[in-house]
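Residue-level structural notes
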4 protein chains.
Amino acid sequence: MINRVVLVGRLTKDPELRYTPSGVPVTRFTVAVNRTFTNQQGEREADFISCVAWRKQAENLANYMRKGSLIGIDGRIQTGSYEGPDGKRVYTTEVVADSVQFLEPRSAQGQPPGGQPSYGAGQPSYGVPQSDPFGTPFPSQPPQNQPNYTRVDEDPFASSKGPIEVSEDDLPF
Amino acid sequence: MINRVVLVGRLTKDPELRYTPSGVPVTRFTVAVNRTFTNQQGEREADFISCVAWRKQAENLANYMRKGSLIGIDGRIQTGSYEGPDGKRVYTTEVVADSVQFLEPRSAQGQPPGGQPSYGAGQPSYGVPQSDPFGTPFPSQPPQNQPNYTRVDEDPFASSKGPIEVSEDDLPF
Amino acid sequence: MINRVVLVGRLTKDPELRYTPSGVPVTRFTVAVNRTFTNQQGEREADFISCVAWRKQAENLANYMRKGSLIGIDGRIQTGSYEGPDGKRVYTTEVVADSVQFLEPRSAQGQPPGGQPSYGAGQPSYGVPQSDPFGTPFPSQPPQNQPNYTRVDEDPFASSKGPIEVSEDDLPF
Amino acid sequence: MINRVVLVGRLTKDPELRYTPSGVPVTRFTVAVNRTFTNQQGEREADFISCVAWRKQAENLANYMRKGSLIGIDGRIQTGSYEGPDGKRVYTTEVVADSVQFLEPRSAQGQPPGGQPSYGAGQPSYGVPQSDPFGTPFPSQPPQNQPNYTRVDEDPFASSKGPIEVSEDDLPF
DNA sequence: TTTT
DNA sequence: TTTT
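Residues numbered from 1 in each chain as written. Chains lettered and ligands numbered in written order. Predicted model: local features only at pLDDT ≥ 70, side-chain atom pairs only at ≥ 80, totals over all residues. Heavy atoms only, no water.

Let me state the cut-off plainly: UniProt positions are given in the numbering used here, feature names are shortened, and annotations may be inferred rather than shown by experiment.
Under the annotation held in an unreviewed UniProt entry, chain A carries the name Single-stranded DNA-binding protein and is attributed to Ureibacillus suwonensis. For chain A, the Function (unreviewed entry) comment in UniProt is given as "Plays an important role in DNA replication, recombination and repair. Binds to ssDNA and to an array of partner proteins to recruit them to their sites of action during DNA metabolism."

What follows is the structure, given as structure tokens:
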């Protein structure tokens, strides 16, 4: 069985880092991939593909990427379902990123989005370590003892023996 | 922008051929891809991935494949949306198959599912040409003047200049 | 049978357009892809992957890309062999690009390398249409009756019925 | 940087397991991938793609696959070079298999190639443990203290921190 | 609910 | 040096 996806596209939003109850970093995001062909009206449409990244990939995404960033994803399609608010089953499809590539030129990198206005903030925050995991510009350790971060569904691979991350880069560039 | 998917898995159902109002063959189907790793409970789960094939790929699928068949897909992820019955927007993700590979051994092929009972039909239909596009075991031409086949949404690429099918094989094996 | 390759990397040289005896444009080039992991010495190595593009892809490559450009390739591995100078058989492996993506930011594009500045020519030719296919910044027609361009091996797909180019974009961006 | 390959094809030979000086299992093999299109003469050609698998993948290959077996590979292209016998540099391209899929139907599996005549050997060898790593039908541990196995070049990833195997299956089916 |  |  083979299930392989490669995407190159742009983030539709600033990625937001979350943590599972057991402290595993996770980021959900959408990649807009422009089609290489046009429709009947001669317009170039795009596909908006839901993705999820875990651990270091999630942190790198949140620390170095923002809305509009060009990104490469190597991953797999994962489907699932959940009980909708109306009691009906909702089926989901998303790409789980094994590895994430940051394809912006150097000049466009290094301005990590923080709580501050992204471009041209008043006071420089780059390189200033923060205690808030959402603000730190460098890959952070899972905040083991920080009680009030955002919780998400538990990492389904928390105790899986298979490797989750293919690329173990500490820094994406 | 890159959007590439490769899947190898099994059909969850006998594929069913449909035609757009303008006579373009289309088949929607689901591929079950077993994961190569196990979950916390030690179970091997599967992803159930929605796919669509057009034209010759659609015909080959309907003519030569059935529930359980091992299949290889080379395609791309396509997203879209439609108005749900309750007026809410429903978002969709599917794989559009550029090319389809039939990975069953020869012995398991050649028993095309037809209008007849697929498994264990009374009279052999193999190789018997039919006028009904749903029953013919060989790739058929779009039934231009047959009014009462099943209609589906129009082929969005009907007049697109880009190639839809990467592989132009007349026969899949 | 499935044979799919996706690469994102940088051109090791300015691409050079050639034509087959029957006038089909072809460009051979090497893509350097940095590995996402390091070796025992802690160094990040790269793979230098031989590629070939035909027709419009070849022209776009030659017209818009240069040494160092970031490029995405969607293609397949092709192997072959030829008689070496010493009479021994030499085996080759290369990636045939079905589609080529130009991943440089806009600012880095639009300066098509020509005989001019790039390779040290006198006057700027940007945007100035030329009859010479090597100088024109826009995709050109195969120069059917120009006798003295560089000849290469005949296009093996010249009369193949299968589609060669997946993406039919006239302009890569 | 992205470097992803997916292949489905057939082994051109029975795979042979080797070990590096430090005991890492490695198998080199060639996958024949039939093209999905025909050449000018209407013939369907094939690409013969050099591959290498390490560790458990190498063992599974040697234990469960033979000449002609249908196989799926998820991997990356790796290039390198070595000093040829005539002192000239020889450049190599091969696919490093991150994961290997065994696509034969069950009936064709389970007859591990051994020293015995492959199909229909007189005495059943399946499931009979052997001390020879080349004959055992189950994944074996690296033969740490067996001096006289075949040596090959050292595993270049022996001490790499990155994961080598994406799929950690003990058994391929 | 979408990116350049 | 190649597979079905």
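Comments concerning the environment of D:D98
Residue and element names in this part refer to chain D. Basically, it comes down to this: What counts as a helix is a DSSP run of H or I of at least four residues, what counts as a strand is a run of E of at least two, and both are numbered from the N terminus. A simple rule labels every residue: compare its accessible area, found with a 1.4 Å probe on the protein chains alone, to the largest value its type can have, and call it buried under 20%, exposed over 50%, or partly exposed in between. Residues adjacent in sequence count toward polar contacts only when both atoms are side-chain atoms; beyond that, a polar contact is any pair of N or O atoms within 3.5 Å, and within protein one must be able to donate a hydrogen and the other to accept it.
Structurally, the position occupied by D98 is in strand β6 (residues 89-102). By relative accessible area, which is 8% here, D98 ends up buried. Sequence spacing of D98 and W54 is 44 residues, and the spatial spacing of their C-alpha atoms is 8.4 Å. A polar contact is formed between the side chain of D98 and the side chain of R4, at a distance of 3.2 Å.

Here's the deal with the interface of chain A and chain B
Often the size quoted for an interface is simply the accessible area lost on bringing the parts together. Applied cut-off: Between two residues, a contact is recorded if the distance between any of their heavy atoms is within 4.5 Å. The term buried area refers to how much accessible surface (probe radius 1.4 Å) is lost by two components on association, counted for both of them together. Salt bridges are counted wherever a side-chain nitrogen of Lys or Arg sits within 4 Å of a carboxyl oxygen of Asp or Glu. Under the scheme applied, nonpolar residues are Ala, Val, Leu, Ile, Met, Phe, Trp, Tyr, Cys and Pro; charged residues are Asp, Glu, Lys and Arg; polar residues are all the others, including Gly. When DSSP finds two or more bridges between two strands, those strands count as paired.
With 36 residues of chain A in contact, the opposing surface of chain B contributes 36 residues. For the pair chain A and chain B, the two sides together bury roughly 2900 Å², of which 56% comes from carbon and sulfur. Inspection of the region where chain A meets chain B yields zero salt bridges. Along the contact surface separating chain A from chain B lie eight residue pairs in polar contact (both at pLDDT 80 or more). At the level of secondary structure, the elements contributing two or more residues to the side of chain A that touches chain B comprise β1 (2-11), β3 (25-34), β4 (46-54), β5 (70-83) and β6 (89-102) of chain A. For the side of chain A that touches chain B, the residue count by class is 18 nonpolar, eleven polar and seven charged. By the bridge criterion, seven bridges tie β1(A) to strand β1 (residues 2-11) of chain B in an arrangement that is antiparallel. In the sheet register, A:N3 faces β1(B), and the bridge partner there is B:L7.

Side note on the pairing of strand β2 (residues 16-19) of chain B
All names here are of chain B. Only one face of β2 is covered, namely the one carrying L17 and Y19; the face carrying E16 and R18 has none of its residues buried. Across four bridges, the pairing between β2 and strand β3 (residues 25-34) is antiparallel. By the bridge assignment for β3, L17 is matched with T27. From the end of β2 to the start of β3, which pair antiparallel, there are five residues, and G23 there has a positive phi angle of about 90°.

Side note on the relation of the copies chain A and chain B
Using the following cut-off: All copies are superposed by least squares; the fitting set is the C-alpha atoms of residues with a pLDDT of at least 70 in both.
Rotating chain A by 180° and moving it 0.0 Å along the rotation axis overlays it on chain B with an RMSD of 0.0 Å. The transformation just described matches what one would write down for a two-fold rotation axis. No C-alpha of chain A lies nearer the rotation axis than that of A:V5, which sits 2.3 Å from it. A share of 100% of interface residues in chain A that are also interface residues in chain B marks the association as one of identical surfaces.

Regarding the protein's contact with DNA strand E
Note the cut-off: Any residue with a non-hydrogen atom lying within 4 Å of a molecule or strand is treated as near it.
Every residue near DNA strand E is listed here: A:R10, A:L11, A:T12, A:T30, A:A32, A:N34, A:A46, A:F48, A:K67, A:G68, B:R89 and B:Y91. Sugar and phosphate atoms represent 45% of those atoms of DNA strand E found within 4 Å of the protein. One nitrogen or oxygen atom from the side chain of A:N34 is found 2.9 Å from a base nitrogen belonging to DNA strand E. Here B:Y91 contributes a side-chain N or O atom positioned 2.6 Å from a phosphate oxygen of DNA strand E. Mapped by element, the contributors of at least two residues to the surface near DNA strand E are β1, β3 and β4 of chain A together with β6 (89-102) of chain B. Looking at the surface near DNA strand E, the element that brings in the most residues is β3(A), giving three residues. The residue inventory of the surface near DNA strand E, partitioned by class, reads five nonpolar, four polar and three charged.

Some remarks on the protein's contact with DNA strand F
Around DNA strand F sit C:R89, C:Y91, D:R10, D:L11, D:T12, D:T30, D:A32, D:N34, D:A46, D:F48, D:K67 and D:G68, and that is every residue in its neighbourhood. A breakdown of the atoms of DNA strand F within 4 Å of the protein gives sugar and phosphate a share of 44%. At a separation of 2.7 Å, a phosphate oxygen of DNA strand F approaches a polar side-chain atom of C:Y91. Within the side chain of D:N34, one N or O atom sits 2.9 Å away from a base nitrogen of DNA strand F.

Quick look at the environment of D:M1
Tracing the chain through its elements places D:M1 in the segment before β1 (2-11). The class for D:M1 is buried, based on a relative accessible area of 17%. When neighbours within four sequence positions are excluded, D:M1 is seen to be in contact with A:Q101, A:L103, C:V8, C:G9, C:R10, C:A32, C:V33, C:N34, C:T36 and C:L70.

Here we look at the side chain of C:D47
Along the chain, C:D47 falls in strand β4 (residues 46-54). A polar contact is formed between the side chain of C:D47 and the side chain of C:R35, at a distance of 2.7 Å. Here D:T79 takes part through its backbone nitrogen, which lies 2.8 Å from a polar atom of the side chain of C:D47. Setting aside residues no more than four positions away along its own chain, C:D47 makes contact with C:V31, C:A32, C:V33, C:R35, D:N3, D:R76, D:I77, D:Q78 and D:T79.

A closer look at the pattern of salt bridges
Counted according to the given criterion, the structure contains 40 salt bridges over all chains. Between B:E83 and B:R89 there is a salt bridge, with its nearest N and O atoms 3.1 Å apart.

Things to note about the state of the cysteines
Should the sulfur atoms of two cysteines be covalently bonded, the bond is a disulfide. The cut-off we apply is this: When two cysteine sulfur atoms lie within 2.5 Å, the pair is treated as a disulfide.
Using the criterion set out here, one finds zero disulfides over all chains in the structure. The cysteine D:C51 is free of any disulfide, with C:C51 supplying the nearest cysteine sulfur at 17 Å. Here D:C51 falls in the buried class, since its relative accessible area comes to 1%.

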